[in-house]
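# Architecture and fold: a report
This is what each chain is made of:
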Amino acid sequence: MKVLFQTRTNLFDAPGGDMIQLLKTKEHLEKLGVEVDVSLEFEPDLSKYDLVHLFNLMEPQDIYLQMLNAKKQNKKIALSTIYGLYTEFERKARGGLFQKLANILSPYQIAYIKTVIKQYYENRFHKGVFKMLYKGYYGLMKEIVDNTAIFLPNSVSEMNRVAAEFKLKNYTFADIPNAIDKTVFSDEENNKPNQFSQYQDCILCAARIEGRKETLNLVRAVKNTNYKLVLVGKESKNQKKYVQKVHQEAGDNVIFLGAIPHDDLKELYKVAKVHALVSWMETPGLSSLEAAAMGCNIVVTRKGDTYDYFENYAFYCEPDDVNSIKQAIDKAFTSEVNPKLKQKILDNYTWEKTAEETYKAYQKILNTTSRV
């Protein structure tokens, strides 16, 4: 079987969770004998491929053209939706003129404006953006989903959201878990000294510093406490005022480590007592999965698909309520770690499992027999 992975054109310039999902799925599908290529082009020759696998419905201006190309060359399409609008954040916490606009406009009009502005500043105007100007943000996504043979959401709740918002009927989907690399994120002991040992028993947040992750309220929740909060991740270039405010309000007990290599996170998870990701939307948040697999208690919000993964093993809070975040951190910090969560992740949310389920999904639409 030969499959072509396609997605947004700036995948490697602006890496995110979708890039990790794409590359790890590729790596583990190849271990199952599937040949996988990645192309960010709009109109590649598809003659040697059995199907096209698109990633990230939230960037329709790019994958719309890739969808049209697959359709033109009679190739079936699998779609990893990675779908979640940040409407609540835009309307409640964005601030400024944009928040006022967000309370007047529909979620898709908000996304339309944001995408146009983003494409302009990144100098990424192309045929897909012009199609979006004409058809609209929702219009492009609707056409993509209407031409998808099988949906590969990260959870059932994500699929339900996509089906409801795009009025889908008689669709085919496979629940493909977001996952951890169990060869990296395991608690096997090694004799090396931990480079992050000075942060023992910290509260850790491995995420971009930005409004959607609600870093500011997390900082406020640990203000004037004995907790040590370690923030690791890039700072948003598009929200400079927000990032500045995070730094201004951070006390001496907040440590900014910036971006570090992904594999180095393991050492941080080892010393952390709690991992807190208090976002306005997660599906479910790779760092939360990794931290839980490494034995951290986790604080998350119910917004998005977190409950599908963590059920009652996590400590939940509201992103816009500092007291709620503080209470969740207090409970997580003083509670014993439940080993059942780690086992649940190792049994269900590994890249091996992701690849197996993805392979079965391909076979479903190609009508071939499973070898997995």
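Heads up: the structure comes first, above all this text.
Everything quoted here is computed from the prediction, not taken from an experiment.

## Some thoughts on the pairing of strand β9 (residues 272-277)
A large share of β9 lies buried, amounting to 5 of its 6 residues. Alignment of strand β6 (residues 202-206) against β9, held across 3 bridges, turns out to be parallel. Within β9, the position partnered with Ile-203 by the bridge is Val-274. You can see the chain leave β9, run along helix α12 (residues 286-293) and come back into strand β10 (residues 297-301), and the turn it takes is right-handed.

## Some remarks on the packing of helix α2 (residues 60-72) against helix α6 (residues 127-135)
Each pair of packed helices can be described by the angle between their axes along with the distance between the axes. α6 packs onto α2 with a crossing angle of 105° between their chain directions and a minimal axis gap of 8 Å. Our classification of the angle between α2 and α6 gives roughly perpendicular. Contacts between α2 and α6 involve Gln-61, Tyr-64 and Leu-65 from the first element and Lys-127, Gly-128, Val-129, Lys-131, Met-132 and Lys-135 from the second. Partitioned by chemical class, the residues of the contact of α2 with α6 number 4 nonpolar, 2 polar and 3 charged.

## Focus on the sheet that holds strand β1 (residues 2-6)
Spatially, the 5 strands line up as an open sheet ordered β2-β1-β3-β4-β5, and their pairing is parallel. Only two strands of the sheet have a single neighbouring strand rather than two, namely β2 (35-39) and β5 (150-151). Here strand β4 (residues 76-80) runs beside β5; their pairing, made up of 2 bridges, is parallel. Bridging from a neighbouring strand, Ala-78 pairs with Ile-150 of β5. Strands β1, β2, β3 (51-55) and β4 of the sheet are contacted by α2, whose axis makes an angle of about 170° with β3. The sheet contacts of helix α16 (residues 351-366) involve β1, β3, β4 and β5, and relative to β3 the element is tilted by about 130°.

## Observations regarding helix α9 (residues 215-222)
Among the 8 residues of α9, 7 are classified as buried, and the element is accordingly described as predominantly covered. Within α9, burial applies to Thr-215, Leu-216, Asn-217, Leu-218, Val-219, Ala-221 and Val-222. For α9, the secondary structure elements touched by its buried residues are β6, β7 (229-232), α10 (240-249), β8 (254-258), β9 and α14 (322-334).

## Thoughts on unusual backbone geometry
A cis amide bond links Thr-283 with the next residue in sequence, Pro-284, at an omega value of 5°. Within the element layout of this structure, Pro-284 appears in the loop between β9 and α12. Positive phi is not limited to glycine here, since Asn-170 has a value of about 55°. Considering the arrangement of structural elements, one finds Asn-170 in the loop between α8 (156-165) and β6.

What counts as what
- Residues numbered from 1 in each chain as written.
- Predicted model: local features only at pLDDT ≥ 70, side-chain atom pairs only at ≥ 80, totals over all residues.
- Heavy atoms only, no water.
- Buried < 20%, exposed > 50% of the residue type's maximum accessible area, 1.4 Å probe, protein only.
- Helix = DSSP H or I, 4+ residues; strand = E, 2+ residues; numbered from the N terminus.
- Pairing = 2+ DSSP bridges.
- Right-handed = clockwise from strand over helix to strand, strands pointing away.
- Axes fitted to C-alpha atoms, helices over the stretch in contact; angles between N-to-C directions.
- Parallel < 35°, antiparallel > 145°, perpendicular 65-115°, else oblique.
- Contact = heavy atoms within 4.5 Å.
- Nonpolar A, V, L, I, M, F, W, Y, C, P; charged D, E, K, R; others polar.

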